[in-house]
Amino acid sequence: MTIQTANLNQVNPYLPFGDRQDAPFYGKDILSVKQFNHADLNYIFGVAHEMQEMVRRVGTFDMLKGKILTNLFYEPSTRTSSSFTAAMERLGGSVIPINEVRYSSVAKGESLPDTIRSLECYSDVIVLRHPETGSAALAAQYGRKPIINAGDGTGEHPTQALLDLFTILEEMGRVNGLTITMLGDLKYGRTVHSLARLLTLYNVKLNYVSPELLRMPADVIKEIGDKLIPQAEYTSLDEVLAQTDVLYVTRVQKERFENPEDYEKVRGSYVITPELMTKAKSDMIVMHPLPRVGEISMDFDDDPRAAYFRQMEYGLYVRMALLALVLGKT
Ligand code: ASP
């Protein structure tokens, strides 16, 4: 599988007979948000809605019975790995969990292509998290089964961006016309790289608030600018909080810093508190991909604008939809 853009006409000859080969996304990799257009998003979110309905009505059902997912995680994960597991199990499938590559042949020096080519002998789809940017694309180049990028270093986290966008739609009822402020570590945070790119499909205004050291990368700013999306950079949240409809908070990505002193300089730069949020609109929302490590005070959690735990639940339905779609089941 080498496809990086959604080519709805291309059918993977290796996928088993009996699945719906005409279904959009059948056999496709999910590598970057750049592969999606409006029609794709409407389709995925429509399926995610159906998944939400089915989970509420019956909990677990047999759509992917007999299918196997490998969760291959070279970096820590709580939500992404467990939500893909829950998604697969709610659809009646099963999971090979490889959360600790230290105990797999990777520790013996096995290359990513060989690991992928081995694991796909046992499974129908692979969810991959890896510390290197471009690793998911590399895996897809060697693999025959769909690869879902669950975070490639500081590159992208496309399934998170999809669930973030779904959250905005569900909570705000629209995306067009919104002012979305991204706060925190915009340099190393892959979720904001993906979300900013995905939002270029809409008519939004983007604000980036970060310490000087952690500004949004120039290449991402250029991509967004090329799509004519208004965007502006700030170091102080005060300048934009009152106009913000969606505040997307991120953690400083300690593990990506080459120099620990730089981390010390920027940790704790911004903290969302109930007092600060008195300056924000009453109908805005606060999101966070989690984990949080102090950027949002727990005192704020009971505020109806705190959407971060609801955001995680939406993620289950979006990931169920993606698994069903790449396996040709809708
Ligand atoms: N869980 C998200 C990620 O894997 C956000 C984070 O780790 O800060 O990128």
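Please read all numbers here as calculations on a predicted model, not as lab measurements. Along each chain, the written sequence defines residue order, and numbers are assigned to residues from 1. The predicted nature of this model means local features are confined to residues of pLDDT at least 70 and side-chain atom pairs, given and counted, to a pLDDT of 80 or more, with totals for whole chains, interfaces and linings taken over all residues. Remark: hydrogens and water are excluded; side-chain values derive from all non-hydrogen atoms of the structure.

### As for the packing of aromatic side chains
Pairing of aromatic side chains here covers Phe, Tyr and the six-membered ring of Trp, requires ring centres within 6.5 Å, and sorts the geometry by plane angle: under 30 degrees stacked, over 60 edge-to-face, intermediate tilted. Throughout the structure, instances matching the rule amount to six aromatic pairs. Summarising the aromatic geometry, the rings of phenylalanine 45 and phenylalanine 166 are spaced 5.2 Å apart at their centres and angled 40° between planes, so their arrangement reads as tilted. Here the residue phenylalanine 45 occupies a position in helix 1 (residues 38–58), and phenylalanine 166 occupies one in helix 5 (residues 158–172), the gap between them amounting to 121 residues. Classification of phenylalanine 166 as buried rests on a relative accessible area of 1%. Residues phenylalanine 257 and tyrosine 263 carry aromatic rings whose centres are separated by 5.6 Å and whose planes lie at 75° to one another, so their mutual orientation is edge-to-face. Relative accessibility under 20% of the residue-type maximum defines a buried residue, over 50% an exposed one, and the middle range a partly exposed one, all with a 1.4 Å probe and only protein chains included. Note on tyrosine 263: relative accessible area 12%, which makes it buried. Think of it this way: any DSSP run of H or I at least four residues long counts as a helix, any run of E at least two long counts as a strand, and we number them from the N terminus.

### Considerations on the site of the ligand
The ligand sits among Arg129, His157, Arg190, Thr191, Arg251, Gln253, Pro289, Leu290 and Pro291. Polar contact criterion, stated in full: a pair of N or O atoms within 3.5 Å, where within protein one must be able to donate a hydrogen and the other to accept it, and residues adjacent in sequence count only if both atoms are side-chain atoms. For the ligand, an oxygen atom lies 2.8 Å from a polar atom in the side chain of glutamine 253. When the ligand sits alone it has 260 Å² of accessible area, and the protein chains cover 91% of it. When at least one non-hydrogen atom of a residue lies within 4 Å of a molecule or strand, that residue is treated as near it. Where accessible areas are quoted, they stem from the Shrake-Rupley method and a 1.4 Å probe; at the residue level, only the protein chains shown are allowed to cover.

### Let's talk about the environment of glycine 315
Along the chain, glycine 315 falls in helix 9 (residues 308–326). Exposure remark for glycine 315: the relative accessible area of 0% places this residue in the buried category. Considered as a pair, glycine 315 and phenylalanine 84 are 231 residues apart in the sequence and their alpha carbons are 9.0 Å apart.

### Looking at the nonpolar core
Here is a general trend for soluble globular proteins: nonpolar side chains tend to be buried in one another's company. Here, nonpolar core means buried Ala, Val, Leu, Ile, Met, Phe, Trp, Tyr and Cys residues that are tied together by side-chain atoms lying within 4.5 Å of each other. With 66 residues, the main nonpolar core has Met182, Leu206 and Leu323 as its most contacted residues. Top contributing element to this core by residue count: helix 9, with eleven residues. Excluding its chain neighbours within four sequence positions, the residues that come into contact with methionine 182 are Val192, Leu195, Ala196, Leu199, Leu206, Asn207, Tyr208, Val209, Met216 and Tyr248. Among the nonpolar cores identified, the runner-up in size contains 20 residues, and Val240, Val249, Ile296 and Ala306 belong to it. Whether two residues are in contact is decided by their heavy atoms, any of which lying within 4.5 Å being enough.

### Some words on the sheet that holds strand 7 (residues 231–234)
Whenever strands of a sheet pair, they do so through backbone hydrogen bonds, lying parallel or antiparallel. Pairing between two strands is assigned when DSSP locates at least 2 bridges connecting them. Here we have five strands laid out as an open sheet, ordered 7-6-5-8-9, and parallel in their pairing. The sheet terminates laterally at strand 7 and strand 9 (285–287), the two strands that pair on one side only. Recorded for the sheet is a direction-independent mean angle of 20° between the axes of neighbouring strands. As paired strands, strand 8 (residues 246–249) and strand 9 are joined by three bridges and run parallel to one another. Within strand 9, the residue paired with valine 246 across the bridge is isoleucine 285. Throughout, an axis means a line fitted to C-alpha atoms (over the contacting stretch in the case of helices), and angles, computed between N-to-C directions, take values from 0 to 180 degrees. Together, strand 5 (179–183), strand 6 (205–209) and strand 8 form the strand contacts of helix 6 (residues 190–199), whose direction differs from that of strand 5 by roughly 165°.

### Looking at helix 9
Helix span, expected: 1.5 Å multiplied by one less than the number of residues in the helix. The end-to-end C-alpha distance of helix 9, which contains 19 residues, comes to 27 Å, matching closely the 27 Å that a straight helix rising 1.5 Å per residue would cover. Of all the 19 residues making up helix 9, 16 are buried; the element is thus mostly covered by neighbouring parts of the structure. Just beyond helix 9, the residue with positive phi is glycine 328, at close to 70°.

### What about the sheet that holds strand 2 (residues 94–98)?
Spatially, 2-1-3-4 is the arrangement adopted by the four strands of the open sheet, whose pairing is parallel. Only two strands of the sheet have a single neighbouring strand rather than two, namely strand 2 and strand 4 (147–152). Averaged over all neighbouring strand pairs, the angle between strand axes comes to 15°, with direction disregarded. Here strand 1 (residues 68–73) pairs with strand 3 (residues 125–130) via five bridges, running parallel. In the sheet register, threonine 70 faces strand 3, and the bridge partner there is isoleucine 126.

### Thoughts on the confidence of the model for the protein
Here the protein averages 93 in pLDDT, while 93% of its residues score no lower than 70. Each residue carries a pLDDT score, the predictor's confidence in it, ranging from 0 to 100. Throughout residues 1–13 the model reports pLDDT below 50, and contacts reaching past four residues in sequence, or to other chains, amount to 32 contacts.

### Focus on the side chain of glutamine 52
Mapped onto the secondary structure, glutamine 52 falls in helix 1. Excluding residues within four positions of it along the chain, glutamine 52 makes contact with Glu170, Tyr314 and Tyr317.

### A short note on the packing of helix 5 against helix 9
Geometry of a packed helix pair, given as the angle between the helix axes and the separation of the axes. The N-to-C vectors of helix 5 and helix 9 enclose an angle of 120°; their axes lie 8 Å apart at closest approach. If you check the angle between helix 5 and helix 9, you find them oblique. The element helix 5 and its partner helix 9 pack so that their crossing is right-handed. For the pair helix 5 and helix 9, the contacting residues are Thr159, Gln160, Leu162, Leu163, Asp164, Phe166, Thr167, Glu170 and Glu171 in the first and Arg310, Gln311, Met312, Tyr314, Gly315, Val318, Arg319 and Leu322 in the second. Amino acid classes used here: Ala, Val, Leu, Ile, Met, Phe, Trp, Tyr, Cys and Pro are nonpolar; Asp, Glu, Lys and Arg are charged; the rest, including Gly, are polar. Within the contact of helix 5 with helix 9, the residues separate by chemical class into seven nonpolar, five polar and five charged. Any angle from 65 to 115 degrees is called roughly perpendicular, while one under 35 is roughly parallel, one over 145 is roughly antiparallel, and all others are oblique. Two helices crossing with the near one rotated counterclockwise from the far one by less than a right angle form a left-handed crossing, whereas a clockwise rotation gives a right-handed crossing.

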